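Residues per chain are reported as follows:
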Number of protein chains: 4
Amino acid sequence: MADVLVAGASGFAGALAARLVDRHPSLTLGPVTSRSHAGTSLLELYPHHRVGAVLEELDLDRHSEVDAAIVAYPHGAAAPVVAGLRERGVRVVDLSADFRLLDRGVYERWYVPHGAPELIGGAAYGLTELNRERIAGAELVANPGCFPTGALLALAPLARAGLIADVVIDAKTGVSGAGRAPTDVTHFVSVAENVKPYKVGSHRHTPEIDQELAALGAPVSVTFVPHLVPVDQGELMSCYVTPAEPVDESRVAALFAEAYAGERFVEVVDAPPGMRDVRETNRCHISVHVDPGNGRVMVFAAIDNLWKGTSSQAIQNLNLMLGLPEDEGLEA
Amino acid sequence: MADVLVAGASGFAGALAARLVDRHPSLTLGPVTSRSHAGTSLLELYPHHRVGAVLEELDLDRHSEVDAAIVAYPHGAAAPVVAGLRERGVRVVDLSADFRLLDRGVYERWYVPHGAPELIGGAAYGLTELNRERIAGAELVANPGCFPTGALLALAPLARAGLIADVVIDAKTGVSGAGRAPTDVTHFVSVAENVKPYKVGSHRHTPEIDQELAALGAPVSVTFVPHLVPVDQGELMSCYVTPAEPVDESRVAALFAEAYAGERFVEVVDAPPGMRDVRETNRCHISVHVDPGNGRVMVFAAIDNLWKGTSSQAIQNLNLMLGLPEDEGLEA
Amino acid sequence: MADVLVAGASGFAGALAARLVDRHPSLTLGPVTSRSHAGTSLLELYPHHRVGAVLEELDLDRHSEVDAAIVAYPHGAAAPVVAGLRERGVRVVDLSADFRLLDRGVYERWYVPHGAPELIGGAAYGLTELNRERIAGAELVANPGCFPTGALLALAPLARAGLIADVVIDAKTGVSGAGRAPTDVTHFVSVAENVKPYKVGSHRHTPEIDQELAALGAPVSVTFVPHLVPVDQGELMSCYVTPAEPVDESRVAALFAEAYAGERFVEVVDAPPGMRDVRETNRCHISVHVDPGNGRVMVFAAIDNLWKGTSSQAIQNLNLMLGLPEDEGLEA
Amino acid sequence: MADVLVAGASGFAGALAARLVDRHPSLTLGPVTSRSHAGTSLLELYPHHRVGAVLEELDLDRHSEVDAAIVAYPHGAAAPVVAGLRERGVRVVDLSADFRLLDRGVYERWYVPHGAPELIGGAAYGLTELNRERIAGAELVANPGCFPTGALLALAPLARAGLIADVVIDAKTGVSGAGRAPTDVTHFVSVAENVKPYKVGSHRHTPEIDQELAALGAPVSVTFVPHLVPVDQGELMSCYVTPAEPVDESRVAALFAEAYAGERFVEVVDAPPGMRDVRETNRCHISVHVDPGNGRVMVFAAIDNLWKGTSSQAIQNLNLMLGLPEDEGLEA
């Protein structure tokens, strides 16, 4: 049994990570920490998670006697905590953006001054299906953003085949993606009976998607626009690709079938997937189509933003890092 | 006071049209008809509309003693009814697709054999802001589809300026767009906590958008994908345009400002609009942006699919046809 | 034209009041004030209200040159503002609880020390249908709470007939009732897929209902429990009355029919009403039933908590105070 | 491993039962049948359940070679199927009302002529926590209605203590309780932004609650009113009890603590429970309060109508009938 610290467990992502660790057959939930809610039981904040642990202040020295840690801190705040854990030899899955971008300049342009620049480039990018081998040997995994997770699973087969000349990604996300802090944006009355684009042309997941698409063979500058929808959990990525050469539906279908043939959590489906199909699972459902009128390739990917988009993918990565079966603790 | 027949008033669109006529200072609600609900009061079907009229079977001879008619029949069924009303000299706003497409072959490929081919081409296309003069003199207006309404308002300024090389339209629509008939698709449990694309690459509004964009100067084949969202009324069109030449944000902003400067119901806004901003109004809110990473032009348009997308635009058109102020009866 | 100040217009209730004044044929919107959002346009906070006025800090001396004021301050903060306006001769409809309770001790037990005790008892209780004459002559009206509005309209005919021996009131309310401040309780993720009782046995509207029921002839101590439901606007009151003597359905039906026979905004309906039937209206729909198994009388009343429950009732009262037709500005 | 037939698996309840059997460590999913959808895969109807079995027509002779069956047929249609299975020696958990009521006259007054009257009284009433011993030895279990499940768990401790003089039960239920058939009532547009009472004074679960309360020691005639809320799964029972003698909160708290002390799936909580706390679980959360104003006892119980209210309780009962641990297969 491996002991796992969850740092930053009062937010949606950390709390779900704590629950998944708590139910995991080969993991034990170690300390759960929170800067804002020390002393509070997780049961009080999230009754439905059924985790009785009490949140405490993070104390790196005392809390580093674990086998691994999931860090669910905000961007910028995560880096020094991750660095501290790594110095003490703890394996880390970091849910923040702090170690995803390989270029410090790009990171600091989109986020904040970096808190542990010496670790940049030292993390494996944790999109499990696309980077399995590096993750298995890694001591630090940068868990992807929820949007990059869906977008890259949707686009990887086309990127690897050199078929992406240009791409528009129109994302729809549930409100939990905005985090636990109550704001005007997350107020029920703002969200109900509404759909609204936000951070048009300026969402921080854009450079992450660009970086990883380039690594897969598609050095493009994507257009990415998220929309907030009245759903609590769920994410649908609608990807519109101008192909580098004409393709027909059977060719793209074959590419996707082959790419995800052995995957436990990615399923290529015929009809366009809905968010609901994968709610509260680590699964990604993908359909691919060619527009008969103009040859554009359309890929739709549905995930749960808190599960495969964040916390259950962290467990999937942790399983690999610890030599456990990749799907352990991830299927009801 | 002009007397107005509403044929097909048991559906969402017809019932709302009846309500708007009923409250209109210069219109009188004449017969309201329904094949399926003859004998039922509209008050029973739609208590919130507060219209007490009782639905009856349509009788063309008896019911043609009106000044105008709004026909809210399904595609295919509308054409003969419209033809019958026109023969009897009644001005008609037709909410179906039957007279929108100018090419009979295209119509019959996407819909059904046409029921009144002699009238094809004889209708004014009822997107008020783009076709005001023809509508004012018309005796038959083909009211646009809800998606073409939002898409064309979003794209017209770019189309007229010759700036559209290519375009992807990602639409989000409330459930009322699927009509009143209860189906697996409109069941609350199917829609809640879900977002799902449908009719991918095959929605019937595609040829309508193509036809009208061509008329505006942009002969493209659009990619158009609607998504069902858990909202009762509302529509958001997200349009991604590859410009024919590089443009900057100030140029496109000026194009839109100019195009809609005098419009009562179209407002160009700075922040991306939400469905909720225009709920239960005849308004369309539009924002336009240029992606700093790749120069793509992004236009977002929000309307209420049942109001500006259907029934209140029908009233706007009727006002023009009858020589009334265009906005009469359309503002609370 | 009467000039109307709206003090506290950045909240849901005040903003809606400002919109209703702005559209009213015989009222002019005077200053709109806000402590928290001075300098902001209402258009920015509430685009769908379409009111362009800019919020400013309240300045009693400068802002008292109006014919009337609607005060939408929190409980406790309202009293001194109301007192200041009254001193300057301004007619006031106060939306807070500060002048609803006639017994200062009761007020201070449930709320806070009273800020203008000299005015207690000087206000007319603003449940229009039940207190029309006093309101018409009043210079200060205490607008009822949203729950008392629905409960008292549901129970008044039984109370006046001496038929209430005991009553349980189970209320369901939309989230706008909790106000504009974003909190854990109003976060979309807390509300979606949830129904939850709150303030069980301790909601501040309880003494208000008790006081007014006693005035109507039913000196009971009610059990009142509100439940938060995933709806933005709307309120349903389910009232379960143990009758003082056996009654049958025809007798109670006659009582309600008679009580509300001439009412423009209260409608006695046969089938149980839904919130949606009265959304965004000043209306109250009521149905009354007798349980065949045990003789209990059940009354269901639906209102919109922000409209008849708050802001549109304020306009209805203002109309009476100013000698205008009671329904002016209240029907689309 | 016990082999389990699920008859009527295309509906919400049967499909969930099939999923729970499929994931159960000691059960094997045998045939899954459907009259309306034979030939369809469950995967197509319910992608999120992840059960690949194909529905077939029920063939009693062929399908009786199982250890047990869960029958999810409509009321009336269930009885003959259950009788056929019992004749062939198959243990049955019946989800319909057909064997819940002990008095044939009462059954036939509220439902239809009974299809297997010889079995009336031969079934154990399957509210597990209240009837554990009889269920463990039973060959036929009548699974309770979803409303009786919540109501009886909420009221049993008071009924057994002789404390119920009178009771009002105000229920709120998610739309899945209305079943899979699309109707005007389950249309998204009917449900969104709405709350509505239905079957006021005439819901069929009323005699079931009365019968079981009497068996527990409280021979009362309850007032029971369900309300439809915009939630897909979930049920909240608000119970208002006039106590037979004055009680204080500590006494009722002790009664509930004692009654449910050893229970795995029933939890007595301090704050009023929300539906969301128990979503997709076999759990029931209960809080109990005394109204300080009038001494009324208020009990709130939250369950998931499809889980503890129907299908997971069926598994809980099946576990007992087969000598398995009661909670097997019921916790993630």
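Our subject is the structure listed above.
Below is a short write-up of the structure. (Residues numbered from 1 in each chain as written. Chains lettered and ligands numbered in written order. Predicted model: local features only at pLDDT ≥ 70, side-chain atom pairs only at ≥ 80, totals over all residues. Heavy atoms only, no water.)

### A closer look at the interface of chain B and chain A
How big an interface is tends to be stated in terms of the accessible area lost upon association of its parts.
Next, step 1: The interface is formed by 44 residues belonging to chain B together with 44 residues belonging to chain A.
Next, step 2: In this assembly, chain B packs against chain A so that about 3,500 Å² is buried in total across both faces, 56% of it on carbon and sulfur atoms.
Next, step 3: For the chain B face of the interface with chain A, the top three residues by lost area are B:E193, B:V195 and B:R276, together amounting to 19%.
Next, step 4: Here A:R279 and B:E193 are joined by a salt bridge, their closest N and O atoms 3.4 Å apart.
Next, step 5: Taken together, chain B and chain A are joined by 36 residue pairs in polar contact (both at pLDDT 80 or more).
Next, step 6: Ranked by the residues each element gives to the side of chain B that touches chain A, the list is headed by strand β7 (residues 164-173) of chain B, at five residues.
Next, step 7: Residue composition of the side of chain B that touches chain A, by class: 21 nonpolar, 13 polar and ten charged. (Contact = heavy atoms within 4.5 Å. Buried area = accessible area lost by both parts, 1.4 Å probe. Salt bridge = Lys/Arg side-chain N within 4 Å of Asp/Glu carboxyl O. Polar contact = N/O pair within 3.5 Å; in protein donor to acceptor, adjacent residues only side chain to side chain. Helix = DSSP H or I, 4+ residues; strand = E, 2+ residues; numbered from the N terminus. Nonpolar A, V, L, I, M, F, W, Y, C, P; charged D, E, K, R; others polar.)

### Here we look at the sheet that holds strand β4 (residues 91-94) of chain D
Residue and element names in this part refer to chain D.
Next, step 1: What the six strands build is an open sheet, ordered β2-β1-β3-β4-β6-β5; its pairing is parallel. Both edges of this open sheet fall to β2 (27-33) and β5 (124-125), since each of them pairs with a single strand only.
Next, step 2: As defined by bridge partners, strand β3 (residues 68-71) adjoins β4 across four bridges and the pair is classed as parallel. Residue pairing in the sheet places A68 in a bridge with R91 of β4.
Next, step 3: Relative to β4, helix α11 (residues 307-321) is tilted by about 160°, and along the sheet it contacts β1 (2-7), β2, β3, β4 and β6 (140-142). (Pairing = 2+ DSSP bridges. Axes fitted to C-alpha atoms, helices over the stretch in contact; angles between N-to-C directions.)

### Quick notes on the interface of chain C and chain B
Next, step 1: Taken together, the contact pairs 15 residues of chain C with 15 residues of chain B.
Next, step 2: A combined buried area of about 1,400 Å² lies between chain C and chain B, and 40% of that area is made up of carbon and sulfur atoms.
Next, step 3: Here chain C is connected to chain B by four salt bridges.
Next, step 4: Notably, a salt bridge pairs B:D232 with C:R276, separated by 2.4 Å at the nearest N-O pair.

### Section: the pairing of β2(D)
Residue and element names in this part refer to chain D.
Next, step 1: With six of its seven residues buried, β2 lies for the most part within the structure.
Next, step 2: With five bridges connecting them, β1 and β2 associate as parallel partners. Counterpart to D3 in the pairing with β2 is T28.
Next, step 3: Crossover β1 to β2 through helix α1 (residues 12-23) is right-handed. (Buried < 20%, exposed > 50% of the residue type's maximum accessible area, 1.4 Å probe, protein only. Right-handed = clockwise from strand over helix to strand, strands pointing away.)

### Looking at the relation of the copies chain B and chain A
Next, step 1: Mapping chain B onto chain A calls for a rotation angle of 180° and an axial translation of 0.0 Å; the resulting RMSD is 0.0 Å. Such a combination of rotation and displacement between the chain copies is what one expects of a two-fold axis. Every residue of chain B has its C-alpha some distance from the rotation axis, and the shortest such distance is that of B:P230, at 3.2 Å.
Next, step 2: Here 100% of the interface residues in chain B have copies in chain A that are interface residues too; the copies meet face to matching face. (Least-squares fit on C-alpha atoms with pLDDT ≥ 70 in both.)

### Here's the deal with the sheet that holds strand β12 (residues 284-290) of chain D
Residue and element names in this part refer to chain D.
Next, step 1: Spatially, seven strands are ordered β8-β9-β7-β10-β13-β12-β11 in an open sheet, and the strand pairing comes out mixed. Pairing within the sheet leaves two strands with one partner each, and these edge strands are β8 (196-197) and β11 (266-268).
Next, step 2: The strands that helix α10 (residues 249-259) touches are β11, β12 and β13 (297-303); relative to β12, the one it contacts most, it runs at about 160°.

### Structural notes on the packing of helix α7 (residues 146-160) of chain B against helix α10 (residues 249-259) of chain B
Residue and element names in this part refer to chain B.
Next, step 1: Interaxial distance between α7 and α10 falls to 9 Å at its minimum, and their mutual angle equals 115°. On the basis of the axis angle, α7 is roughly perpendicular to α10. Considering only the axes of α7 and α10, their crossing is right-handed. Contacts between α7 and α10 involve L153, A154, P157 and L158 on the former and, on the latter, V252, L255, F256 and A259.
Next, step 2: Considered class by class, the residues forming the contact of α7 with α10 number eight nonpolar, no polar and no charged. (Parallel < 35°, antiparallel > 145°, perpendicular 65-115°, else oblique. Left-handed = near helix turned anticlockwise from the far one by under 90°.)

### Observations concerning the environment of A:N317
Residue and element names in this part refer to chain A.
Next, step 1: Tracing the chain through its elements places N317 in helix α11 (residues 307-321).
Next, step 2: Sequence separation between N317 and G179 is 138 residues; the distance between their C-alpha atoms is 22 Å.
Next, step 3: For N317, the residues in contact, after removing those within four places along its chain, are G126, T128, I135, V141 and N143.
Next, step 4: A distance of 2.9 Å separates a polar atom in the side chain of N317 from a polar atom in the side chain of N143.

### Looking at the pattern of salt bridges
Next, step 1: As enumerated under the stated definition, the model contains 88 salt bridges over all chains in all.
Next, step 2: C:E331 serves as the salt-bridge partner of C:R264, at 3.6 Å between the closest nitrogen and oxygen. Note that C:R264 is positioned in the loop between α10 (249-259) and β11 (266-268) and C:E331 in the segment after α11 (307-321), a separation of 67 residues in sequence.
Next, step 3: Its salt-bridge partner being D:R62, residue D:D59 comes within 3.6 Å of it at the nearest N-O pair.
Next, step 4: A single network of salt bridges, built from pairs that share partners, joins A:D170, A:K172, B:D170 and B:K172.

### Notes on the side chain of D:S26
Residues and elements named next belong to chain D.
Next, step 1: Mapped onto the elements, S26 comes out in the loop between α1 and β2.
Next, step 2: A distance of 2.9 Å separates the side chain of S26 from the side chain of E328, its partner in a polar contact.
Next, step 3: Residues contacting S26, with those up to four places away along its chain left out, are M1, A2, L324 and E328.

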